[in-house]
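Below are the chains, spelled out letter by letter.
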Amino acid sequence: MKFTDKLISRAKDNWNQPTASVAFLGDSVTQGCFEIYTDANNEIVPVFDQSAAYETDFARIMSILFPNAPITILNAGVSGSNAVHGLERLKRDILPMRPDLTVVCFALNDSANGMEGIPAYISALREIFQSLRQNQTDALFLTPNMMATEVDCGMEPGVIHDAAAACVNVQSTGVLDAYISAAKSLCRDLSVPVCDCYNIWKKLNQMGVNTNALLSNHINHPTREMNWLFAYELSRAILSL
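A word on the overall build of the protein chain
Turning to step 1, where the next piece is worked out: The secondary structure content of the protein chain amounts to nine helices and seven strands.
Turning to step 2, where the next piece is worked out: Rg of the C-alpha trace for the protein chain: 18 Å, near the compact-globule value of 18 Å for 241 residues, within the 12% margin.
Turning to step 3, where the next piece is worked out: The C-alpha extent of the protein chain, read off along each of the three principal axes, is 60 × 40 × 35 Å.
Turning to step 4, where the next piece is worked out: By the burial criterion, 49% of the 241 residues in the protein chain qualify as buried.

Structure below.
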């Protein structure tokens, strides 16, 4: 992988070798969104904390392992984004920067379109991966966290409650599972490596872990601590390629 090769080369020859770069294309989790609240217009507003986002934690891990090889991080996460929107943003946000590696993470918002939305989701992902390859940028697909499996009992009626109920339905009826399965199948077909954090969340849930408590907004944003799971698994996946 181009990113890993450049990272190792820079670590061996800090004076003459270029800096490795990695871009992250995704939604609110990638952007660094955590808790949510409603504003004066009753609109849902997220709390942004990019310092706790998983790509920031990933950069910290890389700095520990390769202290003399700084890397460039591009955060192209947008709250509310999905794969179709990500494809639209690709030429603006990613390709001009020519990153060595682009980590793509979509499914949470896409799954709100139900089972009938899977073809459009897969079509957009396919175009993203093919465009990255045509532009000599390696790609890796990161599967997201689970969403809530039940509405928090302390959540008052309103737009946040309604959003939570919709996500619970998507998670509990297997819709999100189907999106992840379809994306992983596409990645196998295109030889795109996958960092499967969703599978880890599912296993934790099956073991009896209260995964709802691992969501900072009690809906679909993992806590700051659980962003380290993405960072660690990404580090392990990228360095093993």
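Points about the sheet that holds strand β1 (residues 20-26)
Turning to step 1, where the next piece is worked out: Sheet architecture is open: five strands sit in the order β4-β1-β5-β6-β7, paired in parallel fashion. Both outer strands of the open sheet, β4 (71-77) and β7 (194-196), are each paired with one neighbouring strand and no more. Neighbour-to-neighbour, the strand axes of this sheet turn through a mean angle of 20°, independent of strand direction.
Turning to step 2, where the next piece is worked out: In the sheet, β1 pairs with strand β5 (residues 101-105) via five bridges, with the strands oriented parallel. Within β5, the residue paired with Ala23 across the bridge is Thr102.
Turning to step 3, where the next piece is worked out: Together, β6 (138-143) and β7 form the strand contacts of helix α8 (residues 197-206), whose direction differs from that of β7 by roughly 15°.
Turning to step 4, where the next piece is worked out: Packing against the sheet, helix α9 (residues 224-239) makes contact with β1, β5, β6 and β7, and its axis sits at approximately 140° to β6.

Describing the nonpolar core
Turning to step 1, where the next piece is worked out: Ranked by internal contacts, the top residues of the largest apolar core, which has 72 residues, are Phe58, Tyr121, Leu125 and Phe129.
Turning to step 2, where the next piece is worked out: Dropping the residues within four chain positions of it, Leu125 is found in contact with Ala83, Val104, Phe106, Phe141, Ala183 and Leu186.

Overview of helix α5 (residues 118-134)
Turning to step 1, where the next piece is worked out: When the terminal C-alpha atoms of α5 are compared, their 24 Å separation across 17 residues agrees well with the 24 Å that a helix rising 1.5 Å per residue should span.
Turning to step 2, where the next piece is worked out: Turning to α5, its buried residues are Ile118, Tyr121, Ile122, Ala124, Leu125, Ile128, Phe129, Ser131 and Leu132.
Turning to step 3, where the next piece is worked out: On its buried face, α5 is in contact with β1, α4 (83-93), β5, β6 and α7 (175-190).
Turning to step 4, where the next piece is worked out: At the C-terminal side of α5, Gln136 shows a positive phi close to 55°.

Examining the pattern of salt bridges
Turning to step 1, where the next piece is worked out: For the coordinates displayed, the defined rule picks out nine salt bridges.
Turning to step 2, where the next piece is worked out: Asp177 is the salt-bridge partner of Lys202, the closest N and O atoms lying 3.2 Å from each other. Taken as a pair, Lys202 in helix α8 and Asp177 in helix α7 lie far apart in primary sequence, 25 residues in all.
Turning to step 3, where the next piece is worked out: Given a relative accessible area of 21%, Lys202 falls into the partly exposed group.
Turning to step 4, where the next piece is worked out: Between Asp196 and Lys184 there is a salt bridge, with the nearest N and O atoms lying 2.7 Å from each other. Placement of the pair is Asp196 in strand β7 and Lys184 in helix α7, with a sequence separation of 12 residues.
Turning to step 5, where the next piece is worked out: Through salt bridges that share partners, Glu35, Asp49 and Arg224 make up one connected network.

Quick look at unusual backbone geometry
Turning to step 1, where the next piece is worked out: One non-glycine residue with positive phi stands out, namely Arg98, at about 50°.
Turning to step 2, where the next piece is worked out: Within the secondary structure layout, Arg98 lies in the loop between α4 and β5.
Turning to step 3, where the next piece is worked out: Phi at Gln136 takes a positive value of approximately 55°, unusual for a residue other than glycine.
Turning to step 4, where the next piece is worked out: Here Gln136 lies in the loop between α5 and β6.

Rules of the game
Residues numbered from 1 in each chain as written. Predicted model: local features only at pLDDT ≥ 70, side-chain atom pairs only at ≥ 80, totals over all residues. Heavy atoms only, no water. Helix = DSSP H or I, 4+ residues; strand = E, 2+ residues; numbered from the N terminus. Rg over C-alpha atoms; globule rule 2.2 N^0.38 Å. Buried < 20%, exposed > 50% of the residue type's maximum accessible area, 1.4 Å probe, protein only. Pairing = 2+ DSSP bridges. Axes fitted to C-alpha atoms, helices over the stretch in contact; angles between N-to-C directions. Contact = heavy atoms within 4.5 Å. Core = buried A, V, L, I, M, F, W, Y, C linked by side-chain atoms within 4.5 Å. Expected span 1.5 Å × (residues − 1). Salt bridge = Lys/Arg side-chain N within 4 Å of Asp/Glu carboxyl O.

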